[in-house]
Amino acid sequence: MSHSFIKRCLFYFAGLIILSVGIAMQVKGFVMGLSPWDVLHFGLWQSLGLTFGSWSVIVGIGIVIATSLILKALPKGGVYVNLVTIGAFIDFFVWILPDAEAWPAQALFFTAGVFIAAFGSAFYMTPNLGAGPRDSLMMVLVMKFNLRMARARFLMELTVAVLGLILGGPVFIGTVLIVLFYGRIIEMFFPYTRELLIRFIGYDDPKIIQFK
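Reading the values: rules and limits
Residues numbered from 1 in each chain as written. Predicted model: local features only at pLDDT ≥ 70, side-chain atom pairs only at ≥ 80, totals over all residues. Heavy atoms only, no water. Helix = DSSP H or I, 4+ residues; strand = E, 2+ residues; numbered from the N terminus. Buried < 20%, exposed > 50% of the residue type's maximum accessible area, 1.4 Å probe, protein only. Contact = heavy atoms within 4.5 Å. Core = buried A, V, L, I, M, F, W, Y, C linked by side-chain atoms within 4.5 Å.

1. Quick look at the environment of Gln 106
Then comes step 1: Mapped onto the fold, Gln 106 is located in helix α5 (residues 103-125).
Then comes step 2: Accessibility expressed as a relative area gives 6% for Gln 106, which makes it buried.
Then comes step 3: Between the alpha carbons of Gln 106 and Lys 28 there is a distance of 6.5 Å; along the sequence they are 78 residues apart.
Then comes step 4: Those residues in contact with Gln 106 that lie beyond four places of it in its chain are Lys 28, Gly 29, Phe 30, Val 31, Met 32, Ala 100 and Glu 101.

2. Remarks on the nonpolar core
Then comes step 1: With 37 residues, the main nonpolar core has Met 125, Tyr 182 and Ile 186 as its most contacted residues.
Then comes step 2: Elements represented by at least two residues in this core include exactly α1 (3-28), α2 (36-48), α3 (52-71), α4 (77-96), α5, α6 (133-145), α7 (149-166) and α8 (173-201).
Then comes step 3: Dropping the residues within four chain positions of it, Tyr 182 is found in contact with Leu 19, Val 114, Ala 117, Ala 118, Ser 121, Arg 153, Glu 157 and Leu 177.
Then comes step 4: Residues Ala 24, Phe 93, Leu 97 and Ala 100 belong to the second largest nonpolar core, which totals seven residues.

3. Focus: unusual backbone geometry
Then comes step 1: Its identity is not glycine, yet Asn 128 carries a phi of approximately 60°, on the positive side.
Then comes step 2: Residue position: Asn 128 is located in the loop between α5 and α6.
Then comes step 3: A positive phi angle is found at Asn 146, which is not glycine, with a value near 55°.
Then comes step 4: Among the secondary structure elements, Asn 146 is positioned in the loop between α6 and α7.

The structure is reproduced here in structure tokens:
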């Protein structure tokens, strides 16, 4: 096992933790609304039963299968790690983070959570060990349709939010902000997370994800 691979794995797990903190902070700031994917999960839960968490996993598995068929290749191992662990990480941080009672505190939690989650997304995708199901779908749109990451994320989040709204999911101002800006924020962080990983490894490993 190479020195670079071990450090890329450590970087990947650190990114998942950062992402989980950001998502947990958004949950604490629920007054601002749900993210587009969570709007979809909520709508499916209300329309078809099961549980919110169950639909998160089911949708994730469906995305993995769809992206595998589109790319005609099995996803990288990190996709499975993400699918299995991210829910537990989020639950843990929701448990340890304090509740925000006042509206301004919830708005602050949500806003900070969006930036932290976007940084975590860029952080864990940079080692190129396999993005999570939803980020993998974004990367497919980038590669297959030659879209900028921000545009791909916008189209994906908008479609999911509309579908979730049709199914009865709650859409509020936070949902709109994520649709409009989340992809741009992730894209903004990529040059910095690449530089951090290069410094951590000690050289520019060609396996690190690259974007122009």
